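# Residue-level structural notes
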Amino acid sequence: MAENKVQQARGMVRRPSLRKGISLRGMPELENVEEVKASFNRHLHFTVGKDRNVATNIDFMQAISMAVRDQLIGKWMRTQQNYHETDPKRVYYLSLEWYMGRTLGNAMLNLGIQGSTEEALNQLGLAIDELEEYEEDAGLGNGGLGRLAACFIDSMSTVGLPAHGYGIRYEYGIFKQEFVDGWQRELPDNWLRYGNPWEIQRPESTQNIRMYGHVSNGKWVDTKQVLAVPYDTPVPGYKNDVVNTLRLWSASAPVEFQLDSFNRGDYMGAVIENNVAEDISRVLYPNDNFFEGKELRLKQQYFLVAASLADIIRRHKTEPSWKERGWACFPDKAAIQLNDTHPSLAVPELMRILIDEEGKDWDESWKITTSTLSYTNHTVLPEALERWPVSLFEKLLPRHLQLVYEINHRHMEAVKAKYPGDNDRLSRMSIIEEGGGKRIHMGYLAIVGTHAVNGVAALHSELIKKTIFKDFYEMYPERFQNKTNGITPRRWLIKANPALTNLIDEKLPGEKWATDLYELAKLKKFADDKDFMRSIQNAKRENKLSVCRLVAEEYGIELDVDSMFDCHVKRIHEYKRQLLNVLHMITRYNEIKANPDKEFTPRTVMFGGKCAPGYEMAKRIIKLINNVADKCNNDPAVSKYLKVVYFENYRVSLAEKIIPAVDLSEQISTAGTEASGTGNMKFMLNGSLTIGTMDGANVEMAEEMGLENIFIFGMDVDEVHALGAKGYNPHEFYDNNATLRECLDQIRDGFWSPEDPSMFSMIWDTLMTRGDQYMLLADYQSYIDKQREVDEVYRDQKKWLKMAIHNIASIGKFNSDRTIREYAEEIWGAQCRN
Ligand SMILES: *Cc1c(COP(=O)(O)O)cnc(C)c1O
């Protein structure tokens, strides 16, 4: 036994991993095993302050996290030292959201120490995969936008870009979702309660942030102060010794904050009032694709921008290039990417620093600002575009308002010069919207104040040029670019799906594919290979069995592992059309009930996702899904063919468990509404087939794999626009489609809510009396027909597996390493060192 362990530890025996959660690539090395054991014991004893008799699993998780962190520190310091010595162009990614999920497993994977760590803990009688479950997700994001930042920072380290992420260290991340009688309930996400072993506070780099006050003789005075205290998290690249930094700011009250109260002798009141300042980093706003013009949110945006810009400038002032060239070198040494308009206050803030603090003139300041900044647009939905009321902006940032007015004045002069006499265009293009209370259009400000604006998938990048930013594209065509999103294959395949990873490793030895997903194209030649197909099928089945166990434990529902796992996980939003999926489930339910002797292809329909707490329609959609689930699961005649599971509290760590087990991925947004999607890519990478519309990155996925390997249905963007222009009438579809009519009538009449027949009248109204904005009814029949085709193919497993292999083999483009290399080359002008 001991002998065998030593052999395993030396990597002499290639055996299946000790558990299913680890791939063969992380075989343990003996020296490292001993080192990890010693380090773990040391941290448990001296850092956590416990012995084995009283330590909890959280203690063990923290001790192993710190042992792993220790292995990052040397590489981290060497990386940062090297940047300082070589003074390369650096990339700064500013984002209000960082949806990182868990760090321990990812850090072990990127360091290549999964095997040693598992073995070390195993020898101590502990299981790493169990301990990993005690880590809280860093849920500092809502959905795709925040997760994109997380995939990007992983890729920036992996391709060897000198990069820094900047964000806010929210004390409460995205709320925890619970269902109470099928309704969503939100609970606070107190993720820092037991401490965060991955962060290091850097109080010496605290920044002083000013707000409020007024402008007097061109000076911003009588401001209130708040401190921004940075917390750094190391971000390792994949086995390349690069460790970059994610710097998150936490708000803290300065002593002077309540000087008035102190002076009045109100000591208690003053200390209590500190909360007001510290509220800035208290909680993540839980809206996805929705603008809510709250003062605290504007404060958060300015807090991030001001602290990060001050920190960036401070760093560059210590570099040798600065001593030679000063500000002139800044755009050559720093590229700052704005993740949506959320940090677009960077435009007036950098102008303020240059003009008010550095004494530069307007033209030089403008040149530095626009050549340093660039902006990524994430949506065309009008309700998501940020338009801050001037009154609120003026109260919080009076000096910035002056600068925005001046920017707009000069911008208007440029428009006039280019389009003399075109007054309509002039008013359309104003950054300041008049009428009904003036507002600042942050998207326009971001385009005018940067050198590049990009969409996140080809279709979306074309759409912004034709719709929301048409006038700006005509004026500045050279600024508009596309950067199709991607996902990191390390977290979303190697970490999430060891079974599939091992299969790929067997066919593609060496580790090249882990950073170059185009290598997977070599799997195409195995698409007809019986052994490979069976292995792919077995890997999927193994993953499905894990989810069956999870569902049995969590919800007491027994799933049929051989049923088709049909999965719709993402934020709940009308444009994502979870309701269309519901109409399909109800259609199936009705068909099964009407044909008790007929055989159907068994399905398990899975949902996951949170909705914004104030989004009434989405809340009802969640309740409807849960009611449909109850009825289907508790009717034996139906549940044989149709079960429905709604996973509570969908988040990054849960996505990693569910996605590898899915057969069919639902990507069914109305064409033209989903900018890219990244969930779609995670499923494709894990060998799920997609049923989807020609929207976002689905279009490019279809292009890469061929239309014969994806189930595309419904109207394309041109058809959606044409129908809208002609005048869309949902009643035409209702009147002419009996099965659709039956579903809708059931929703209206309380069939799905016998306890309260009018519960879903809002859903009926939205579709039937308020115009069905997202055209569910128009796409209904096409969706139902395509689902029948999906059933047929699933019954032909040979065909299904062949398609799945083609999906995996066509994923190359959707690696976020590829996306990042494009940003580096075409927007940032920065060098990837790997
Ligand atoms: C990838 C991801 C998303 C984005 O999913 P879409 O389907 O692209 O909207 C949202 N939430 C989590 C937890 C994710 O991992």
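Residues numbered from 1 in each chain as written. Predicted model: local features only at pLDDT ≥ 70, side-chain atom pairs only at ≥ 80, totals over all residues. Heavy atoms only, no water.

## Digging into the sheet that holds strand β21 (residues 603–608)
Across a sheet, strands are paired by hydrogen bonds formed along the backbone, either parallel or antiparallel in direction. Using the following cut-off: DSSP calls a pair of strands paired once it identifies at least 2 bridges connecting them. Helix and strand assignments follow DSSP, with helices taken as H or I runs no shorter than four residues and strands as E runs no shorter than two, numbered in order from the N terminus. The criterion used for residue contact is that any of the two residues' heavy atoms lie within 4.5 Å. What counts as an axis is a line fitted to C-alpha atoms, over the stretch in contact for a helix, and the angles between N-to-C directions run from 0 to 180 degrees.
The sheet built from 6 strands is open, its strands ordered β22-β21-β20-β23-β24-β25 with parallel pairing. Of all strands in the sheet, those bounded by a partner on one side alone are β22 (642–647) and β25 (711–712). Bridge count for strand β20 (residues 564–569) against β21 is 6 bridges, and the pairing is parallel. Of the residues in β21, the one forming a bridge with Cys567 is Met606. Its contacts with the sheet put helix α35 (residues 797–809) on β20, β23 (664–667), β24 (689–692) and β25, and the angle it makes with β24 is roughly 85 degrees.

## Some remarks on the sheet that holds strand β15 (residues 387–389)
Overall, antiparallel pairing links the 3 strands, which are arranged β15-β17-β16 in an open sheet. If you trace the sheet from one side to the other, it starts and ends with β15 and β16 (432–433), each paired once. Judged from the 2 bridges that link them, β16 and strand β17 (residues 439–441) form a sheet pairing that is antiparallel. Paired with Ile432 across the two strands is Ile440, which belongs to β17.

## What about the site of the ligand?
Operational definition: Working definition: residue near molecule or strand if any one of its non-hydrogen atoms lies within 4 Å of it. Under this definition, polar contacts are N or O atom pairs within 3.5 Å; protein pairs additionally need one hydrogen-donor-capable and one acceptor-capable atom, and for neighbouring residues in sequence, both atoms have to be side-chain atoms. Only Asp, Glu, Lys and Arg are considered charged, only Ala, Val, Leu, Ile, Met, Phe, Trp, Tyr, Cys and Pro nonpolar, and every remaining residue, Gly among them, polar.
Taken together, 15 residues surround the ligand, and among them Lys570, Lys576, Thr678, Gly679 and Lys682 come closest. With respect to the ligand, the side chain of Lys682 contributes an N or O atom lying 2.6 Å from an oxygen atom. Breaking the shell around the ligand down by element, the ones donating at least two residues are α27 (652–658) and α28 (679–685). When the residues that make up the shell around the ligand are grouped by side-chain class, the tally is 6 nonpolar, 5 polar and 4 charged.

## Details of the packing of aromatic side chains
Heads up, the rule is: Pairing of aromatic rings covers Phe, Tyr and the six-membered ring of Trp, with a centre-to-centre limit of 6.5 Å; geometry is then stacked below 30 degrees between planes, edge-to-face above 60, and tilted otherwise. Each residue is placed in one exposure class: buried if its accessible area under a 1.4 Å probe, protein chains only, is under 20% of its type's maximum, exposed if it is over 50%, and partly exposed if it falls in between. A positively charged side chain is recorded as over a ring if its NZ (Lys) or CZ (Arg) lies within 6 Å of the ring centre. The angle to the ring normal must also be within 35 degrees.
A complete count under the given rule lists 29 aromatic pairs for this structure. Note on Trp322 and Trp327: the rings are 4.9 Å apart at their centroids and 70 degrees apart in plane angle, and the pair reads as edge-to-face. Judged on exposure class, the residue Trp322 and its partner Trp327 are both buried. When the ring of Phe526 is compared with that of Phe532, the centres are 5.6 Å apart and the planes differ by 50 degrees; the resulting orientation is tilted. The burial state of Phe526 is the same as that of Phe532; both residues are buried. Here the aromatic residues Tyr93, Trp98, Phe152, Tyr823 and Trp828 are joined through ring pairs into a cluster of three or more. Over the face of the ring belonging to Trp76 we find Arg202, whose NZ or CZ atom lies 5.6 Å from the ring centre.

## Thoughts on the packing of helix α23 (residues 530–555) against α35
Defined as follows: These descriptions rest on fixed angle ranges, namely under 35 degrees for roughly parallel, over 145 for roughly antiparallel, 65 to 115 for roughly perpendicular, and the rest for oblique.
At a minimum axis separation of 10 Å, α23 and α35 run at an interaxial angle of 85 degrees. When the axes of α23 and α35 are compared, the pair comes out roughly perpendicular. Where α23 abuts α35, its residues Phe532, Met533, Ile536 and Gln537 lie against Gln797, Lys798, Leu801, Lys802, Ile805 and Ile808. Class assignment of the residues belonging to the contact of α23 with α35 gives a composition of 6 nonpolar, 2 polar and 2 charged.

## Considerations on the confidence of the model for the chain
Reading fine detail from the predicted coordinates is not recommended where pLDDT is low. To be explicit about the condition: The predictor attaches a confidence to each residue, called pLDDT, with possible values from 0 through 100.
Per-residue confidence for the chain averages 95 on the pLDDT scale, and 97% of its residues sit at or above 70. Every residue in residues 1–22 is under pLDDT 50, and counting partners more than four places away or in other chains gives 42 contacts.

## Quick look at the UniProt feature "modified residue: N6-(pyridoxal phosphate)lysine" (unreviewed entry) in the chain
Where we set the bar: UniProt positions are given in the numbering used here, feature names are shortened, and annotations may be inferred rather than shown by experiment.
Those places that UniProt annotates as "modified residue: N6-(pyridoxal phosphate)lysine" (unreviewed entry) correspond, in this numbering, to Lys682. For Lys682, the residues in contact, after removing those within four places along its chain, are Arg147, Ile487, Trp492 and Ile659.

## Remarks on the pairing of strand β13 (residues 334–339)
Counting buried positions along β13 gives 6 out of 6 residues, so the element sits mostly inside the fold. Residues of β13 alternate between two faces, with Ala334, Ile336 and Leu338 on one and Ala335, Gln337 and Asn339 on the opposite face, all of them buried. Across 5 bridges, the pairing between strand β1 (residues 90–94) and β13 is parallel. Residue pairing for β13: Arg90 is matched across the bridge by Ala334. Looking at chain direction, β13 and strand β14 (residues 373–376) are connected through 4 bridges and run parallel. Each bridged residue has a counterpart across the sheet, and for Gln337 the counterpart in β14 is Ser374.

## A word on the nonpolar core
For the record, the criterion: The nonpolar core is taken to be a set of buried Ala, Val, Leu, Ile, Met, Phe, Trp, Tyr and Cys residues, with the residues joined through side-chain atoms within 4.5 Å.
Ranked by size, the top nonpolar core spans 170 residues in total, and within it Met156, Leu161, Phe303, Phe393 and Trp828 carry the most contacts. With 10 residues, helix α10 (residues 295–317) is the single largest residue contributor to this core. With residues up to four places along the chain from it excluded, the contact list for Met156 reads Val91, Tyr93, Leu161, Ala163, Asn244, Ile820 and Trp828. Counting residues in each nonpolar core, the second largest holds 73 residues, with Leu579, Met617, Leu624 and Phe713 among its members.

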